Amino acid sequence: TIPAIDVTASAHDKRLVGPAEHNAVMQAAHQIAAAIWSRNDAGWPVAVAVESIGVAHARVTVETIEDSAEERAAVLALLRDVVTPKHLAYRPDGTAIVVSIPGRS
């Protein structure tokens, strides 16, 4: 799988999501992408992409060039560093936007 970070304001507690929440999520996703680029001092080439995968849900993907186990481990370490702290942005109502690595705790 391609290393990724999910950014969502999905309302598990039945709060509505709309354009303001979607804009906040996309802004946070682009900030994460910029953080990945600014911390990529490992010397390997990466392609970082931000895509909307639903209302108030975005995914930042990092495609590696060589697709080696070592390269993936380095990218996942970088992603874990970038997602700390877990909440990088907030919805207009003040609740946190959740940032996570899919399939990882």
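Attention here is on the structure that accompanies the text. Treat the numbers as computed from the prediction; the structure is a model and nothing was measured.

1. A look at the side chain of Asp-6
Then comes step 1: Along the polypeptide, Asp-6 turns up in strand β1 (residues 4-8).
Then comes step 2: For Asp-6, a relative accessible area of 11% puts it in the buried group.
Then comes step 3: With residues near it in sequence (within four places) discarded, Asp-6 still touches Ile-53, His-57, Ala-58, Arg-59, Val-98, Val-99, Ser-100 and Pro-102.

2. Describing the pattern of salt bridges
Then comes step 1: All told, the structure shown has one salt bridge when counted by the stated rule.
Then comes step 2: A salt bridge links Asp-6 to Arg-59, with the shortest nitrogen-to-oxygen separation between them at 2.5 Å. Of this pair, Asp-6 sits in strand β1 while Arg-59 sits in strand β3 (residues 57-64), placing them 53 residues apart in sequence.

3. Brief notes about the pairing of β3
Remember that side chains alternate between the two faces of the sheet whenever the strand is regular.
Then comes step 1: Across the eight residues of β3, six count as buried, placing the element largely inside the fold.
Then comes step 2: With five bridges joining them, β1 and β3 adopt antiparallel strand pairing. The residue of β3 that forms the bridge with Ala-4 is Thr-61.

4. What to know about the nonpolar core
Then comes step 1: Counting 25 residues, the largest nonpolar core has Ile-5, Val-7, Ile-32, Ile-36 and Leu-79 as its most contacted members.
Then comes step 2: Elements that contribute at least two residues to this core include exactly β1, α1 (19-39), β3 and α2 (69-82).
Then comes step 3: For this core, the element with the highest residue contribution is α1, accounting for nine residues.

5. Thoughts on the pairing of β1
Then comes step 1: Burial runs high along β1: five of the five residues are buried.
Then comes step 2: Here β1 runs beside strand β4 (residues 98-100); their pairing, made up of three bridges, is antiparallel. Counterpart to Val-7 in the pairing with β4 is Val-99.

The rules behind these values
Residues numbered from 1 in each chain as written. Predicted model: local features only at pLDDT ≥ 70, side-chain atom pairs only at ≥ 80, totals over all residues. Heavy atoms only, no water. Helix = DSSP H or I, 4+ residues; strand = E, 2+ residues; numbered from the N terminus. Buried < 20%, exposed > 50% of the residue type's maximum accessible area, 1.4 Å probe, protein only. Contact = heavy atoms within 4.5 Å. Salt bridge = Lys/Arg side-chain N within 4 Å of Asp/Glu carboxyl O. Pairing = 2+ DSSP bridges. Core = buried A, V, L, I, M, F, W, Y, C linked by side-chain atoms within 4.5 Å.

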